[in-house]
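Overview (structure and organization)
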Amino acid sequence: MKMVGSRALLECLQREGVDTIFGYPGGAVIPIYDMIYQFPAIRHILVRHEQGAGHMAEGYALATGKVGVCLATSGPGATNLVTPIADAMMDSVPIVAITGQVKTASIGTDAFQEADITGITMPITKHNWLVKDVNKLPEIIAEAFHIARSGRPGPVLVDVPVDVCRAEIDFEPIDAVEIPSYRPTYEGHKRQIKKAANLIAAAKRPLLYVGGGAIHSHAENEVLDLAVKANVPVTTTLKGLGAFPETHPLALGMLGMHGTAYANYAVHECDLLIAVGARFDDRVTGKADEWVPRAKIIHIDIDPAEIGKVLQPDVPIVGDVRNVLIELLKMVEPRPAKQWVARIQELKRQYPLFYAPDGALHGQQVIQEIGKATNHRAVIVTDVGQHQMWAAQFYGFERSHQMITSGGLGTMGFGLPASIGAQFGRPNEQVFCITGDGSIQMCIQELMVASIYKLPIKICILNNQYLGMVRQWQELFWESRYSSVNLESSPDFLKLADAYGAHGIRVTRPEDIRAALDESIAVTDRPTVIDFRIAKEENVFPMIPAGGTVSQMVVKRPAHFGPLDPYISGEHIADDCDEDDDVEIMPAQPPLPVTVN
Ligand SMILES: Cc1ncc(C[n+]2csc(CCOP(=O)(O)OP(=O)(O)O)c2C)c(N)n1
C-alpha cells in the first residue's frame, strides 16, 4: 500500500502494540504530529520538556514490562533526550526514542536545529539508526523494538529526517525480525548449570544476590523457589527490590553502600554467592577485590559482557535468568541450613534498620507510614538522594515492578516524569513519587501533565531544605564544609501545587503523617503534593564509604541494645551446633566497628 513515511512510521508503531507516546513537537517532526490524528489508538502525551518524555517512557516501561516510546524534534529536542537515554542504558530499560532530523540533503551542513544525535547517543544506546531511505523504515522500526525488548533490554534511537517522513513508500509490514549478528543467549549451558547445582549442594553458607535482571526476566517465582528449596537467604540490589518479598524470613533487603548491615555482613560471611541478573555495581561492592572474601561465585546473566567485568565468577552462566533458574531448580536438592539461617536471623535482630525516635519528623518514618498506608502494594517511584535510599530501606517491597528508580545513572529529575509514565502504564494502581526538594525542581514542569490527565499521583517531597545526600557526604567526608547544598530558598511547594492544579498538603509533625497520606489517597482526580518538612541534617545509615569495605560500615543501633553482643565473633554460635547439622559458622572478621547510638 502506498503511503508517506510518517504514516508508515505510525503504522509500524501501531503494529508493535504502542498505545502511548510521550513527546514534544518541532519543525522536523511536524509530519509525524500531523499524522498522529489519524491513529486514534495511539495516545500522544504532550510533555513540557523532552527530558520528561524520556523518563515517562522509562517509567511506563518499568511499570508495565513493555517498551516505552518517546518522540522529539531534531537538535535541542533530541539532545534533551540524552539524559533519559543514558539513564535507560544504565538500568536496562527498553525504550524506543524517535527523533526528527533535518532533511537528508542538509545533514552535515550545520543546518538549523541539526544535531548528530546518532553520533551523540552511540555509546548510550543498544543500537541506533539514521533512516536515509524511506523504504528501510518498516524494517528499522521492527528491529528497533526487537533490540530494545530482547536479550538485556535497553534504549534504542531512530533518527528520521523530515524528507523521509514526507517521501512515499509502498508499505509492507515486517512480520519477523532476523538479525544474524544479534542473537542473545536465552538458555544456559547445561554443564554450567550442573556445576552451579553442585556448588549449592556443597555450600554451607550460600547467599542469593539478586538484581534488576531477575525482574526484567520475570524470575521472581524461581528466585523464591530456589531460596526456599535450598534455604538460601536473599539480598537484592536497588534495582532488584521487589524481586523477593521483604516479609519473607530469608529476605535481607538491599545490600551495598546504604544496604542493611545484615545483608552486608551476610555477603562477608557467605561461602557461595549466587548472582542473579546483577552486575556487581560499585555501589554494591565498594572495594571489589575485598568484597565477598570467602565465597565462590556463580554469576547468571543474559549479557556475556557482564561476566567477569568486575569479579571473575567460578561458574559463569550466560542465559535468561528465569530459564537458567528453572533448569537449576531441577538439579538442586532440598538442603537444611539451620545454623546459617539462624545466623542470618541473629544478624537481623542485632542490626535492625534504625533511626532515632526523637519526636522530629523523619524521612524514614514517612516512608514506613507510606508502606503501612498502602499495605506495601503501591508503585513507588523515587528521585535520587537520601529520600531514595530511605525508600529502598523502609518501604517493604513485596512484588516486582513495584520500585521504579534511577539506579545506575542516579538521575535527579527522574521521579516525577517516571511516576507519570508509571501511572499511564498502570492506571488502576496507586503511584507514589518519593522525591527531595532538590530533585523535584529538576522536572517540576511535568506536574502540569499529571494535572491535565487527572493522574492521582502522590508526590511526597521529603523536604530537608538541603541537597541532602551531598550535604551528608560533605558532613562525613569533607569536615562539614557545606558548599552549595543549601536549598532554603526553594519555592513554596503548596503554592506551586496550586499553580499547577494539584492538591497540596504540608506536614511538619510525625503525628500528622498518616492523616496526610489518607487525605492524598482520597484525592483521585489530580495529583497531590505533600511537603514533608523533615529533619534538616539527618543522615542515611548504614553507610559504607565509597570504595570502602564492610569493616568501615557505619551502623546506627538503638541505645537500649547496649554494647555489641559478643556473638559477632561467632564463637558461641559454633558451640550451638546441632549434631545433625553439618553447617559450620564462619565468623565475620571481628571487631566490626559500629556507631552505637
Ligand atoms: C542530575 C543530577 N545532578 C546532580 C546529582 C548529584 N546529586 C546526587 S544526590 C543530590 C542531592 C539530592 O537532593 P534532594 O533531591 O533534595 O534529595 P535528598 O538527598 O535531600 O533527599 C545531588 C545533587 C544527581 N544525582 N543528578
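Since the model is a prediction, treat every value here as computed from it, not as a measurement. (Residues numbered from 1 in each chain as written. Predicted model: local features only at pLDDT ≥ 70, side-chain atom pairs only at ≥ 80, totals over all residues. Heavy atoms only, no water.)

**Some thoughts on the overall build of the protein chain**
The secondary structure content of the protein chain amounts to 23 helices and 22 strands. Against the 2.2 N^0.38 benchmark of 25 Å for 597 residues, the protein chain shows a C-alpha radius of gyration of 25 Å, consistent with a compact globule. Here the C-alpha coordinates of the protein chain stretch approximately 80 × 60 × 40 Å along the principal axes. When burial is assessed residue by residue, the protein chain has 60% of its 597 residues classed as buried. Counting only contacts in the protein chain whose residues sit at least 6 apart along the sequence, the fraction spanning at least 24 positions is 77%. Counting only carbon and sulfur atoms, one obtains 52% of the accessible surface of the protein chain, whose full area is about 23000 Å². Here the protein chain contributes 52 positive and 70 negative side-chain charges, whose respective centroids are spaced 1 Å apart. (Helix = DSSP H or I, 4+ residues; strand = E, 2+ residues; numbered from the N terminus. Rg over C-alpha atoms; globule rule 2.2 N^0.38 Å. Buried < 20%, exposed > 50% of the residue type's maximum accessible area, 1.4 Å probe, protein only. Contact = heavy atoms within 4.5 Å. Areas by Shrake-Rupley, 256 points an atom, 1.4 Å probe, with all protein chains shown as cover. Lys, Arg positive; Asp, Glu negative; His and termini not counted. Charge placed at Lys NZ, Arg CZ, Asp CG, Glu CD.)

**Considering the sheet that holds strand β9 (residues 206–210)**
Taken in spatial order, the 6 strands make up an open sheet running β11-β10-β9-β12-β13-β14, and their pairing is parallel. Of all strands in the sheet, those bounded by a partner on one side alone are β11 (251–254) and β14 (315–318). Within the sheet, the average angular offset between the axes of one strand and its neighbour, ignoring direction, is 15 degrees. On top of the sheet, helix α14 (residues 321–331) reaches β12 (272–276), β13 (296–301) and β14; it is set at about 125 degrees to β13, its chief contact. (Pairing = 2+ DSSP bridges. Axes fitted to C-alpha atoms, helices over the stretch in contact; angles between N-to-C directions.)

**Let's talk about the domain arrangement of the protein chain**
You can read the domains of the protein chain as domain 1 (2–170), domain 2 (190–350), domain 3 (363–533) and domain 4 (552–596). Between the C-alpha centres of domain 1 and domain 2 there is a distance of 37 Å. Contacts between domain 1 and domain 2 engage 7 residues on the former and 6 residues on the latter. Interface area lost by domain 1 to domain 2 is led by L62, D91 and R152, which between them contribute 63%. Scanning the region where domain 1 abuts domain 2 turns up 3 salt bridges. Summed over the shared surface of domain 1 and domain 2, the result is 4 residue pairs in polar contact (both at pLDDT 80 or more). Split by residue class, the side of domain 1 that touches domain 2 holds 3 nonpolar, 2 polar and 2 charged. (Domains from an automatic or database assignment. Buried area = accessible area lost by both parts, 1.4 Å probe. Salt bridge = Lys/Arg side-chain N within 4 Å of Asp/Glu carboxyl O. Polar contact = N/O pair within 3.5 Å; in protein donor to acceptor, adjacent residues only side chain to side chain. Nonpolar A, V, L, I, M, F, W, Y, C, P; charged D, E, K, R; others polar.)

**So, the site of the ligand**
The environment of the ligand is made up of 17 residues, and the closest members are Q386, G410, G438, S439 and G468. S439 places a main-chain nitrogen or oxygen 2.7 Å from an oxygen atom of the ligand. Between the ligand and the protein, one listed contact pairs an oxygen atom with a backbone N or O atom of M469 at 2.9 Å. Look at the ligand: alone it shows 590 Å² of surface, and the protein chains cover 76% of it. (Near = heavy atom within 4 Å.)

**Concerning the packing of aromatic side chains**
This structure, assessed with the given rule, holds 11 aromatic pairs. Each ring, one from Y209 and one from W291, has its centre 5.6 Å from the other, and the planes form 75 degrees; the classification is edge-to-face. Of this pair, Y209 sits in strand β9 while W291 sits in the loop between α13 (282–285) and β13, and the two are 82 residues apart along the sequence. W291 matches Y209 in its accessibility class, with the two residues each being buried. In textbook terms, an aromatic cluster arises when at least three aromatic residues are bridged by ring pairs, as seen for F22, Y60, F424 and Y453. Cation over ring: R471 sits above Y466, and NZ or CZ is 5.6 Å from the ring centre. (Phe/Tyr/Trp six-rings, centres within 6.5 Å; stacked < 30°, edge-to-face > 60°. Lys NZ or Arg CZ within 6 Å of the ring centre and 35° of its normal.)

**Here's the deal with the sheet that holds strand β19 (residues 503–507)**
Reading across the sheet, the 6 strands line up as β16-β15-β17-β18-β20-β19 and stay open at both edges, with parallel pairing between neighbours. Whereas interior strands pair on both sides, the edge strands pair on one side only; in this sheet they are β16 (403–404) and β19. Across 5 bridges, β19 lies against strand β20 (residues 528–533) in parallel orientation. Across the sheet, the residue bridging to R506 is D531, located in β20.

**Structural notes on the pairing of strand β18 (residues 458–463)**
A large share of β18 lies buried, amounting to 6 of its 6 residues. Of the two faces of β18, the one holding K458, C460 and L462 and the one holding I459, I461 and N463 are both buried throughout. Direction of pairing for strand β17 (residues 431–436) relative to β18: parallel, over a ladder of 5 bridges. Pairing of T435 across the sheet is with I461, part of β18. Chirality of the crossover, the property in question, places the unit of β17, helix α19 (residues 447–452) and β18 among those that are right-handed. Where β18 meets β20, 6 bridges bridge the pair, whose relative direction is parallel. Within the sheet, the bridge partner assigned to I461 lies in β20 and is D531. (Right-handed = clockwise from strand over helix to strand, strands pointing away.)

**Details of the side chain of S74**
Along the chain, the position of S74 falls in the loop between β4 (68–72) and α4 (76–79). Setting aside anything within four residues of it in sequence, one finds S74 in contact with A28, G100, Q101, V102 and Q113.

**Points about the packing of helix α1 (residues 5–15) against helix α7 (residues 137–149)**
The axes of two packed helices give the description: the angle between them and the distance between them. One way to put it is that α1 packs onto α7 with a least axis distance of 9 Å and a crossing angle of 30 degrees. Taken as axis vectors, α1 and α7 run roughly parallel relative to one another. The hand of the α1/α7 crossing is right-handed. Here G5, A8, L9, C12 and L13 of α1 come into contact with α7, specifically with L137, P138, I141 and F145. (Parallel < 35°, antiparallel > 145°, perpendicular 65-115°, else oblique. Left-handed = near helix turned anticlockwise from the far one by under 90°.)

**Here we look at the nonpolar core**
Buried together is how nonpolar side chains tend to be arranged in soluble globular proteins. In this structure, L273, W291 and I298 are the most contacted members of the largest nonpolar core, which totals 66 residues. Leave out the neighbours within four places in its chain, and L273 touches L207, Y209, F280, W291, V292, A295, K296, I297 and I298. (Core = buried A, V, L, I, M, F, W, Y, C linked by side-chain atoms within 4.5 Å.)

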